[in-house]
Amino acid sequence: MWLVIVYLLFGDAQLVLSTVSDRYENVINERDTLFKKEIDMMLGSDIVLSDSEEKVNEIIIELKHRELDTGLLEPGQFNVSKHFFEYKETIKETNLFKIIKRMPKGAILHAHDIAILSPDYVLGLTYSEKLYVCFEEDDVRFLFSKDIPKDTCGTRWQLLRDARFSSGNVEKFDAELKKYFTIVIDNPEEVYTDINIVWSIFQDYFVRFSGIISYKPVWEKYFYDALKALRDDNIMYLEIRSTLPQLYDLEGNVFDSLATAQSYKDVSDKFVIDYPDFYGVKLIYSPLRLVDYSTVKSYIEIAKNIDNKIPGFLAGFDLVGQEDLGAPIKYFLPQLVEAGKYLKFFFHAGETNWNGMSPDENIFDAIVLGTQRIGHGFALAKHPVLIEEIKKRDIAIEVNVISNAVLGLVKDVRNHPLSSYLAQNLPVVLSCDDPGAWEADPLSHDFYVTFVGVANRHADLKLLKKLALNSLYYSTLKDKDKIIHEFEIRWIRFIDSILKGNY
Ligand SMILES: *[C@@H]1O[C@H](CO)[C@@H](O)[C@H](O)[C@H]1NC(C)=O
Ligand SMILES: [Zn+2]
């Protein structure tokens, strides 16, 4: 009888145990399945890495994981969750940044022409001959001129060179001057207390700089040097947004927007001759949105004229300026529907934290007008129907993480909606918007911050490669096979050089 009892007890226990262990197995399997499903869904998961790429992947993953795992234990050490101004220099010292810097990154598809280069570069421009300055209370104006300018000035116009050397301390003078060409400050959290404040300071930068940059010889030099900076950041092609301001020269000539577009075309042609490994430039004419319909109508005429006179150079049309305050796209719907017969659109839309308001609802208008890509699309996360639509229509979202952080949409980049766009495999291209204004490299900082601070910990080299490829795939280039083939060659060279320890 004891045997029977022992047998029963033992048998029961085993039954219970085996049931528990089956359930445990099931839970584990289900978890693995769900986990794998999500990993397989994320942007870049379709990329297959070669053996060499796998080795480079191990290197970058180790570097990335070290930062993340330290950050989990000591959040204060996780630099990219802080304000960009705090860490923009220190991250340049990391090996991961150095690798990303060397990485071929494809194209820049969302950048504004006069905010690409650093304030140091702009300060260098103030050493140009015949530049006059007018120091007013808390502001400064510039103008190139043969003689003392006649334009109004609250104080007096003087040659910048004279002002600099009579200041008694050139270094201090230049340091003060440089502050006008950057929005970087020591205490952004105290000064940039709301989005309108940071935008107004940001816009002052453009106004102030216009006297320097719209002098035709400087305009052309700046653009040439901007292309050089892109090339140094391993970028091979650019679609540039410009308001096409009127340029001027010392003879009193003022040139129209067509001439400004032509000067971009000439500079980019010259650049491609000097650096045949660069694939050139296309223009997205992007005038200011805070205007009335008749102005938008005249903008559209300018765009058509550029397209006729400089065939093949114009990628399309956009409207720029702070969306929260500017006119919504729907305000110009009649003009834009008509213009859509001739022009492609690349609208800024949804660069906002609002939900159900005109700036985020711009995304509806952009989509129905047939926009080729969406600039920012920060608010897209709140619009599931639009997410479906952009997937269906394969409309790329041009995401500018650092811009969104600096211009006050998101404080900690871990909360940027891009992390969800990447997880859902939305068509994303990474871009930079105005890197010079916040002293970032053309694209390396955005790639680094996205890789370390925004993307899933498990996202790896496949994501980086996919983002670079997307920037070519979603460009307006006709012969994409050619540029993608060239990209692949450079990519293999990059992989080999990292394996040799060159970073
Ligand atoms: C983070 O910032 C600190 C202080 O600036 C620096 O010492 C450290 O090297 C940085 N860490 C990384 C991984 O960038
Ligand atoms: Zn922009």
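Numbers given to residues run from 1 along each chain, matching the order in which its sequence is written. Here every chain gets a letter starting at A, and every ligand a number starting at 1, in the order they are written. For this predicted model, a pLDDT threshold of at least 70 governs which residues receive local features, and a threshold of 80 or more governs which side-chain atom pairs are given and counted, while totals over whole chains, interfaces and linings are taken from all residues. Only hydrogens and water are set aside; all other atoms, that is, all heavy atoms of the structure, feed into the side-chain values.

A closer look at the overall build of the protein
For clarity, the threshold we go by: The numbering of helices and of strands both runs from the N terminus, where a helix is a DSSP run of H or I of at least 4 residues and a strand a run of E of at least 2. Here the term buried applies to any residue with accessible area under 20% of the maximum for its type, exposed to any over 50%, and partly exposed to those in between, with areas from a 1.4 Å probe on protein chains only. Throughout, a contact is declared for two residues whenever any of their heavy atoms are within 4.5 Å. Areas reported here follow the Shrake-Rupley algorithm with a probe of radius 1.4 Å; residue values treat only the protein chains shown as occluding. None of His or the chain ends enter the tally, which takes Lys and Arg as positive and Asp and Glu as negative. All charge positions are set by atom: Lys at NZ, Arg at CZ, Asp at CG, Glu at CD.
A count of helical and extended segments in the protein gives 20 helices and 11 strands. Overall, the C-alpha framework of the protein stretches about 120 × 55 × 45 Å when taken along its three principal axes. Taking all 503 residues of the protein together, 52% fall into the buried category. For the protein, the share of sequence-separated contacts (at least 6 apart) that also reach a separation of at least 24 residues comes to 76%. Accessible area for the protein stands at about 23,600 Å²; split by element, carbon and sulfur atoms hold 54% of it. Distance from the positive charge centre (57 side chains) to the negative charge centre (76 side chains) of the protein: 4 Å.

Description of the coordination of the zinc ion (ligand 2)
In an ideal octahedron of six donors the angles at the metal are 90 or 180 degrees, and in an ideal tetrahedron of four donors they are 109.5 degrees. Rule in force here: Sites may look incomplete, because water is not among the atoms used; the donor set itself consists of N, O and S atoms within 2.8 Å of the metal (3.2 Å for Na, K and Ca).
Around the zinc ion (ligand 2), the protein contributes the donor atoms His-110 (NE2), His-112 (NE2), His-348 (NE2) and Asp-433 (OD), which lie 2.1 to 2.2 Å from the metal centre. Each donor residue of the zinc ion (ligand 2) lies on one chain, and together they are spaced H-x1-H-x235-H-x84-D. On the criterion of sequence distance, the pair formed by His-110 in strand 1 (residues 107-112) and His-348 in strand 8 (residues 348-349) is long-range, its members being 238 residues apart. Accessibility classification places His-110 together with His-348 in one group, the buried group.

Concerning the sheet that holds strand 3 (residues 139-144)
The cut-off we apply is this: Paired strands, as defined in this entry, are two strands with at least two bridges between them according to DSSP. Only the contacting stretch of a helix is used when fitting its axis, a line to C-alpha atoms as for every element, and angles between N-to-C directions run 0 to 180 degrees.
Strand order in the open sheet formed by 3 strands is 3-2-4, and the pairing between neighbours is antiparallel. The sheet is open, and its two edges are formed by strand 3 and strand 4 (157-159), each paired on a single side. This sheet shows a mean twist of 30 degrees between the axes of neighbouring strands, independent of strand direction. The pairing of strand 2 (residues 131-136) with strand 4 spans 3 bridges and is antiparallel. Bridging across to strand 4, Tyr-132 finds its partner in Leu-159. Along the sheet, helix 9 (residues 195-213) makes contact with strand 2 and strand 3, crossing strand 3 at roughly 20 degrees.

Some points on the nonpolar core
To keep things clear, this is the line we draw: What is meant by a nonpolar core is a set of buried Ala, Val, Leu, Ile, Met, Phe, Trp, Tyr and Cys residues, joined one to another through side-chain atoms within 4.5 Å. In this entry, domain limits derive from an automatic or database-based domain assignment.
Formed by 160 residues in total, the largest nonpolar core has its most connected members in Phe-317, Val-428 and Trp-438. Examining the composition of this core, we find that 9 residues originate from one element, helix 10 (residues 216-232), more than from any other. Looking at which domains feed residues into this core, each of domain 1 (79-117 + 197-499) and domain 2 (121-181) supplies at least three. Excluding residues that lie within four positions of it along the chain, Val-428 makes contacts with Leu-43, Ile-397, Val-399, Leu-418, Tyr-421, Leu-422, Leu-467 and Asn-470.

Comments concerning the sheet that holds strand 8
Remark on secondary structure: sheet strands pair via backbone hydrogen bonds, oriented parallel or antiparallel. In space, the 4 strands of this open sheet follow the order 8-9-10-11, with parallel pairing throughout. Looking along the sheet, the strands with just one partner apiece sit at the ends: strand 8 and strand 11 (428-430). As paired elements, strand 10 (residues 396-399) and strand 11 share 3 bridges and run parallel to each other. Residue Val-399 lies in a different strand from strand 11, and its bridge partner there is Leu-430.

Some remarks on the confidence of the model for the protein
Spelled out, the test is: pLDDT expresses how confident the predictor is about each individual residue, on a scale running from 0 to 100.
Per-chain confidence: the protein averages 95 in pLDDT, with 96% of residues scoring 70 or above. For residues 1-8, every residue scores under 50 in pLDDT, and the model assigns this stretch 0 contacts once sequence neighbours within four places are set aside.

Description of the packing of aromatic side chains
Inclusion rule: The aromatic pairing rule takes the rings of Phe, Tyr and Trp, using the six-membered ring of Trp, and pairs them if the centres are within 6.5 Å, calling planes under 30 degrees apart stacked, those over 60 edge-to-face and the rest tilted. Geometrically, a lysine NZ or arginine CZ counts as sitting over a ring once it is within 6 Å of the ring centre and also within 35 degrees of the ring normal.
Inspection of every chain in the model, using the stated rule, returns 28 aromatic pairs. Aromatic pair Tyr-285 and Tyr-299: ring centres 6.2 Å apart, planes at 85 degrees, arrangement edge-to-face. In this pair, Tyr-285 sits in strand 6 (residues 281-285) while Tyr-299 sits in helix 12 (residues 293-309), placing the two residues 14 residues apart along the sequence. Take Tyr-285 and Tyr-299: they sit in the same class, and that class is buried. Measuring from ring centre to ring centre gives 4.8 Å for Tyr-473 and Tyr-474, while their planes differ by 90 degrees; the resulting arrangement is edge-to-face. For Tyr-473, a relative accessible area of 45% gives the class partly exposed. Classification of Tyr-474 by relative accessible area gives buried; the value is 13%. Taken together, the ring pairs in this structure connect Tyr-121, Phe-142, Phe-181, Trp-199, Phe-202, Tyr-205, Phe-206, Phe-209, Tyr-222 and Trp-438 into an aromatic cluster. For the cation-ring pair, Arg-164 lies above Tyr-127, with the distance from its terminal atom to the ring centre recorded as 3.5 Å. Between the NZ or CZ atom of Lys-216 and the centre of the ring of Phe-255, over which it lies, the distance is 5.3 Å.

With respect to the pattern of salt bridges
Keep this limit in mind: Whenever a carboxyl oxygen of Asp or Glu lies within 4 Å of a side-chain nitrogen of Lys or Arg, that contact is scored as a salt bridge.
Scanning all chains against the criterion turns up 36 salt bridges. Across the salt bridge formed by Asp-441 and Lys-101, the nearest N and O atoms sit 2.9 Å from each other. Within this pair, whereas Asp-441 is found in the loop between strand 11 and helix 18 (444-454), its partner Lys-101 is found in helix 4 (residues 95-102), the two being separated by 340 residues in sequence. One salt-bridge network, held together by shared partners, links Glu-239, Arg-241, Asp-318, Arg-373 and Glu-398.

Let's talk about the site of ligand 1
Where we set the bar: Definition of nearness: a residue and a molecule or strand are near each other if at least one heavy atom of the residue lies within 4 Å of the molecule or strand. We call two N or O atoms a polar contact when they sit within 3.5 Å, provided that within protein one can donate a hydrogen and the other can accept it, with sequence-adjacent residues counted only if both atoms are side-chain atoms. Residues are sorted three ways: Asp, Glu, Lys and Arg are charged, Ala, Val, Leu, Ile, Met, Phe, Trp, Tyr, Cys and Pro are nonpolar, and all the rest, Gly among them, are polar.
Near ligand 1 you find Glu-67, Asn-79, Thr-90 and Thr-94, and these make up its full shell. Asn-79 is positioned such that a nitrogen or oxygen atom in its side chain is 2.5 Å from an oxygen atom of ligand 1. Bound to the protein, ligand 1 loses 48% of the 360 Å² it would expose on its own. Here the shell around ligand 1 is built from residues that sort into no nonpolar, 3 polar and 1 charged.

Quick notes on the pairing of strand 5 (residues 237-242)
Which entries qualify depends on this criterion: The handedness of a crossover follows from its direction of travel: if, with the strands pointing away from the viewer, the path from the first strand over the helix to the second runs clockwise, the crossover is right-handed.
The buried fraction of strand 5 is high, at 6 of 6 residues. Neither face of strand 5 is open: one carries Tyr-237, Glu-239 and Arg-241, the other Leu-238, Ile-240 and Ser-242, and all of them are buried. The pairing of strand 1 with strand 5 spans 4 bridges and is classified as parallel. Paired with Ile-108 across the strands is Leu-238, a residue of strand 5. Viewed along the sheet, the connection from strand 5 through helix 11 (residues 257-274) into strand 6 turns out right-handed.

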